Amino acid sequence: QVQLVESGGGLVQAGGSLRLSCAASGRTFSSYPMGWFRQAPGKEREFVASISWSGGSTNYADSVKGRFTISRDNAKNTVYLQMNSLKPEDTAIYYCARGNRGYISSERKWYDYWGQGTQVTVSS
């Protein structure tokens, strides 16, 4: 059984930064791509960023490109999301997820394990 636990969310002013972490259980963490998604009130869960098992490939939603950076430390079974220049529209619950394909994807259907989420609130 895989468990994913997010942390690092909070309240920040517009223009500020946060770093989210997602700690994964299980010995096969390094074999899978990982992703971050977010869900704002009244909206569907949307893709934010993904990273390959090695960390060599990444993909971002256009809305966060140039502001957010996804990374991973396979020795620590942890994936990160560094969020800079935050905007009020970034306010959402952020979820990490494990990909079940050999390559990164922005589609929810290719992720099989999800964390419980961490709240990010950006004030104007």
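Refer to the structure presented above.
Residues numbered from 1 in each chain as written. Predicted model: local features only at pLDDT ≥ 70, side-chain atom pairs only at ≥ 80, totals over all residues. Heavy atoms only, no water.

Novice: Please provide a residue-by-residue account of the overall build of the chain, values included.
Specialist: Each helix and strand counted, the chain has zero helices and eleven strands in total. Listing the helices and strands of the chain from first to last along the sequence gives β-β-β-β-β-β-β-β-β-β-β. Taken against the 2.2 N^0.38 rule, which gives 14 Å for 124 residues, the C-alpha radius of gyration of the chain at 13 Å falls within 12% of a compact globule. Its C-alpha atoms give the chain principal-axis dimensions of roughly 40 × 25 × 25 Å. A fraction of 58% describes how many contacts in the chain between residues 6 or more apart in sequence connect residues 24 or more apart. Accessible area of the chain: about 6,400 Å², with a carbon and sulfur share of 45%. Of the charged side chains in the chain, 14 are positive and 9 negative; the average position of the first set lies 4 Å away from that of the second. (Helix = DSSP H or I, 4+ residues; strand = E, 2+ residues; numbered from the N terminus. Rg over C-alpha atoms; globule rule 2.2 N^0.38 Å. Contact = heavy atoms within 4.5 Å. Areas by Shrake-Rupley, 256 points an atom, 1.4 Å probe, with all protein chains shown as cover. Lys, Arg positive; Asp, Glu negative; His and termini not counted. Charge placed at Lys NZ, Arg CZ, Asp CG, Glu CD.)

Novice: Talk me through the pairing of strand E4 (residues 34-39); I want residue IDs and the actual numbers.
Specialist: Counted residue by residue, E4 has five buried out of six residues, so it is predominantly covered. By the bridge criterion, five bridges tie E4 to strand E5 (residues 46-51) in an arrangement that is antiparallel. From the neighbouring strand, Met-34 faces E5, where its bridge partner is Ile-51. Bridging between E4 and strand E9 (residues 92-99) involves six bridges; their strand directions are antiparallel. Across the sheet, the residue bridging to Gly-35 is Ala-97, located in E9. (Buried < 20%, exposed > 50% of the residue type's maximum accessible area, 1.4 Å probe, protein only. Pairing = 2+ DSSP bridges.)

Novice: Give a description of the packing of aromatic side chains that names residues and reports values.
Specialist: In this structure the tally under the stated criterion is four aromatic pairs. Summarising the aromatic geometry, the rings of Phe-37 and Phe-47 are spaced 5.7 Å apart at their centres and angled 75° between planes, so their arrangement reads as edge-to-face. Pair noted here: Phe-37 is in strand E4 and Phe-47 is in strand E5, with a separation of ten residues, a long-range link. Grouping residues by exposure puts Phe-37 and Phe-47 together as buried. According to the relative accessible area criterion, Phe-37 is buried, its value standing at 0%. One aromatic cluster in this structure is built from Phe-37, Phe-47, Tyr-111 and Trp-114. Just above the ring of Tyr-95 sits the side chain of Arg-45; from NZ or CZ to the centre is 3.7 Å. Here the guanidinium or amino end of Arg-98 rests over the ring plane of Tyr-32, the centre of that ring lying 3.7 Å away. (Phe/Tyr/Trp six-rings, centres within 6.5 Å; stacked < 30°, edge-to-face > 60°. Lys NZ or Arg CZ within 6 Å of the ring centre and 35° of its normal.)

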